Amino acid sequence: MFKINLRISAILLIMLYLIMVGFFYNFYQHLVVKDAKQEVVNILNTTKTIRKYIENIQKPVIYSLEKRGELHKGFFDSRILSSTYIVDAIHHMYTNSQKLEHKIPYKFKLAATNPRNPINKADDFEKKILEKFRQNKIKEFSTIIKENGKNYFYVAVPIERNQKSCMKCHSSPNIAPKELVQMYGNRAGFYEKVGDLRAMISLKVPLSHIISAHIRDFLITIFIALIVFIIFYIFLYIIYKKNLKLQKRQDLLLLNQNKLASMGEMIGNIAHQWKQPLAQLSFILVNMELNQERGKLTQEKLKEKIDEANDQISYMSNTIDDFRNFFSSVKPKETYNIKNVIIMAEQLLSATLNKNKIELGIEIQENFTLNGYPNEIVQALVNIIKNANDTFLERNINNPKITIKTFMQDSKKVVTIEDNAGGIKIKPIDKIFEPYFTTKQSNSGTGIGLYMTKMIIEKNNEGAISVKNLHTGVMFIIIF
Ligand SMILES: Nc1ncnc2c1ncn2[C@@H]1O[C@H](COP(=O)(O)OP(=O)(O)OP(=O)(O)O)[C@@H](O)[C@H]1O
Ligand SMILES: [Mg+2]
């Protein structure tokens, strides 16, 4: 089962989401500008075509009317004979209708180096572009420009190069319609040749308008992404909660199993602790019987023996109370001495240790106090000592010895338990703390001893446990 850390998952998801939003924003801007460019180029090409129609079809018809005398000689009216005027007027109409429909307003401009109407004069920026068109370096030009702190999308294309039909108005003022010369004078817009590129047309659109027209799509996309991310997080949360529940149930099960094992230990030890007083009691009784047979059982003697027997019985009763307290399940936190806990563990295991002739050295360099659950710490120590005991037997070690030390280090309270049983070969060594990890035969080890020990120390008693190999054995280090 994989472990989920909710906080890290949330941070990762938020980061991922922000990256996605940034990515989408860029993507949309790109897309939007691309779309806008296509639209603008289409408008400009249409404009070009209208100019072409005026030059190739409209003007010849009007001039032939003049030739046939149906129009007076020298006739000129920019509304039907100036392609620049006509196209400009069409654009005006177009942008007005766009405005009415609340669509994106475009700014149309014709820019020429030698225009008849001064408002069509190219500025420096436009002159440079026009020059590139003249040299056939580019076919269209687009960029984002900044004006008065606002970004605009700008596209320009050249108009058609001069044709023969243009020459009537743009070569010599002598052959141009009289009314044209009267209207605009004889300076600007003349002396051009067929094939000259006279002007370019451009459209300028505020970028914010283009983007805001598409912002709805962008917002919908990031909103859907947000929903997807939230659903994913909820999904993670549900799995996490389920895992937690399962883990809790498993831990409880293990705790109870371990308690049961310790209970067996306890009964064995009570029996051991009782052996001595029981022998004493039996000795007292035999003694009383002998005295009575010899007629020596005086009143004082009887009282003395009864007191002796009572002492033994109260010792036995105390032993039971001691052990029972340690395994009670109602647990308020308490303040206790580390020494007492170690002694209790020693007493619990004394039968086993004596039987296997294991020396247990206790070096209390600092008898510190702790706050927590002393009975659990006893259980933890018992688990560690029992493992050493098991290993001694398994490996047939001579002069088996376990040493428990308590001391202070860097203002931390430390307990170490070391043995000379030969050490742990498992790699990585921390594996021994995993539940059900055991190297023992199926019926002699369950592999939960050290897992429980770690849980007890780290989860319930705010400590930390680690293990390392020494020359002759292992050392468990508990730090509070
Ligand atoms: N002092 C030690 N010396 C060598 N190996 C050890 C020592 N303590 C623990 N081990 C190794 O760590 C393993 C895990 O120990 P743990 O107490 O968790 O389980 P166990 O003793 O095998 O079973 P049980 O659940 O009955 O305690 C042991 O099987 C043993 O291989
Ligand atoms: Mg064990």
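Residues numbered from 1 in each chain as written. Chains lettered and ligands numbered in written order. Predicted model: local features only at pLDDT ≥ 70, side-chain atom pairs only at ≥ 80, totals over all residues. Heavy atoms only, no water.

> A description of the overall build of the protein chain should follow, citing residues and the corresponding values.
When you go through the protein chain residue by residue, the secondary structure sums to 11 helices and 11 strands. Taken over C-alpha atoms, the radius of gyration comes to 51 Å for the protein chain, far larger than the 23 Å a tight globule of 480 residues would show. In terms of principal-axis extent, the alpha carbons of the protein chain reach across some 175 × 45 × 40 Å. Of all 480 residues assigned to the protein chain, the portion counted as buried reaches 41%. Within the protein chain, residue pairs in contact and separated by at least 24 positions form 71% of the contacts whose partners lie at least 6 positions apart. (Helix = DSSP H or I, 4+ residues; strand = E, 2+ residues; numbered from the N terminus. Rg over C-alpha atoms; globule rule 2.2 N^0.38 Å. Buried < 20%, exposed > 50% of the residue type's maximum accessible area, 1.4 Å probe, protein only. Contact = heavy atoms within 4.5 Å.)

> Provide a residue-level description of the packing of aromatic side chains, including the pertinent values.
Within the structure shown, the criterion is met by 11 aromatic pairs. Ring centres of Tyr 28 and Phe 218 lie 5.7 Å apart, and the angle between their planes is 75°; this geometry places the pair in the edge-to-face category. Highlighted residues: Tyr 28 in helix α1 (residues 6-67) and Phe 218 in helix α7 (residues 207-293), separated in sequence by 190 residues. The class of Phe 218 is buried, set by a relative accessible area of 8%. Geometrically, the ring pair formed by Phe 125 and Phe 141 is edge-to-face, given 6.2 Å between the ring centres and 75° between the ring planes. Of this pair, Phe 125 sits in helix α4 (residues 124-134) while Phe 141 is found in strand β2 (residues 141-147), placing the two residues 16 residues apart along the sequence. Residue class for Phe 125 comes out partly exposed when judged on its relative accessible area of 35%. Put simply, the rings of Phe 23, Phe 24, Tyr 25, Phe 27, Tyr 28 and Phe 218 pair up and form one aromatic cluster. The ring of Phe 190 carries Arg 116 above its face, with NZ or CZ at 4.5 Å from the centroid. For the cation-ring pair, Lys 454 lies above Phe 433, with the distance from its terminal atom to the ring centre recorded as 5.0 Å. (Phe/Tyr/Trp six-rings, centres within 6.5 Å; stacked < 30°, edge-to-face > 60°. Lys NZ or Arg CZ within 6 Å of the ring centre and 35° of its normal.)

> Any chance you could break down empty space enclosed by the protein for me, citing the residues and the numbers?
The full count for this structure, using the stated rule, is 4 cavities of 30 Å³ or more. In this structure, the second largest cavity occupies an estimated 70 Å³ of space. Lining the second largest cavity, in full, are Arg 51, Lys 52, Glu 55, Ser 83, Ile 159, Glu 160, Arg 161, Asn 162, Gln 163, Cys 166 and Arg 198. With 3 residues, α1 is the largest single contributor of residues to the lining of the second largest cavity. Here the lining of the second largest cavity is built from residues that sort into 2 nonpolar, 3 polar and 6 charged. (1 Å grid on protein atoms, 1.4 Å probe; cavity = no way out; pocket = protein on both sides within 12 Å on 5 of 7 lines; lining within 4 Å. Points joined across faces, edges and corners; volume = space filled by probe spheres on them. Nonpolar A, V, L, I, M, F, W, Y, C, P; charged D, E, K, R; others polar.)

> Account for a nonpolar patch on the surface, with residues named and values stated.
Among the surface-exposed residues, Ile 220, Phe 223, Ile 224, Leu 226, Ile 227, Val 228, Ile 230, Ile 231, Ile 234, Tyr 237 and Ile 238 lie close enough to one another that they form a single nonpolar patch of about 980 Å² accessible area. Considering the arrangement of structural elements, one finds Ile 230 in helix α7. Under the relative-accessibility criterion, Ile 230 is labelled partly exposed at 44%. (Patch = residues over 30% accessible without salt bridge, like charges linked within 9 Å, V, L, I, M, F, W, Y side chains within 5 Å. Areas by Shrake-Rupley, 256 points an atom, 1.4 Å probe, with all protein chains shown as cover. Salt bridge = Lys/Arg side-chain N within 4 Å of Asp/Glu carboxyl O.)

> Can you break down the sheet that holds strand β3 (residues 150-158) residue by residue, with the values?
Read from one edge to the other, the open sheet built from 4 strands follows the order β1-β4-β3-β2, with strand pairing classed as antiparallel. This sheet does not close on itself; its edge strands, each paired only once, are β1 (107-112) and β2. Going from strand to strand, the sheet's axes swing by 30° on average, the running direction of each strand aside. One ladder, built from 7 bridges, connects β3 with strand β4 (residues 199-206); its direction is antiparallel. Counterpart to Pro 158 in the pairing with β4 is Met 200. α1 contacts β1, β2, β3 and β4 of the sheet and is inclined by roughly 40° relative to β3. (Pairing = 2+ DSSP bridges. Axes fitted to C-alpha atoms, helices over the stretch in contact; angles between N-to-C directions.)

> Give me the site of ligand 1: which residues, what numbers.
In the vicinity of ligand 1, 18 residues are found, and the nearest of them are Asn 387, Thr 438, Thr 439, Lys 440 and Thr 446. The contact in question runs from a nitrogen atom of ligand 1 to an N or O atom on the side chain of Asp 419, over 2.8 Å. Of all the secondary structure elements, the ones that give two or more residues to the shell around ligand 1 are α10 (374-395) and α11 (449-460). If one sorts the elements of the shell around ligand 1 by residue count, α10 sits on top with 3 residues. (Near = heavy atom within 4 Å. Polar contact = N/O pair within 3.5 Å; in protein donor to acceptor, adjacent residues only side chain to side chain.)

> Would you mind going over the side chain of Thr 453 in detail, with residue names and values included?
Secondary-structure assignment places Thr 453 in helix α11. What Thr 453 contacts, discounting residues up to four positions off in sequence, is Ala 380, Asn 383, Ile 384 and Ile 465.

> Outline α10, listing residues and values.
Over its 22 residues, α10 extends 32 Å from the first C-alpha to the last, a length consistent with the 32 Å expected when each residue adds 1.5 Å. For α10, the tally of buried residues reaches 17 of 22 residues, placing the bulk of the element in the interior. Positive phi appears at Asn 396, one or two residues downstream of α10, with a value of about 55°. (Expected span 1.5 Å × (residues − 1).)

> Tell me about α4, and name the residues and values.
When we look at burial in α4, the residues that qualify are Glu 126, Ile 129, Leu 130 and Phe 133. Down the axis of α4, the sector holding all buried residues measures 100°, keeping them to one side. Away from its buried face, by an angle of more than 90 degrees, α4 presents the exposed residues Asp 124 and Lys 128. Summarising the contacts, the buried residues of α4 are in contact with β1, β2, β3 and β4. Downstream of α4 by one or two residues, Asn 136 has phi in the positive range, about 60°. (Arc of directions from axis to C-beta.)

> Account for the pattern of salt bridges, naming residues and giving values.
Enumeration according to the criterion identifies 17 salt bridges in this entry. A salt bridge links Arg 79 to Asp 77, with the shortest nitrogen-to-oxygen separation between them at 2.7 Å. Note on Arg 79: relative accessible area 56%, which makes it exposed. Residue class for Asp 77 comes out buried when judged on its relative accessible area of 19%. Close ionic contact of Lys 459 with Asp 251 constitutes a salt bridge, the shortest N to O distance being 3.7 Å.

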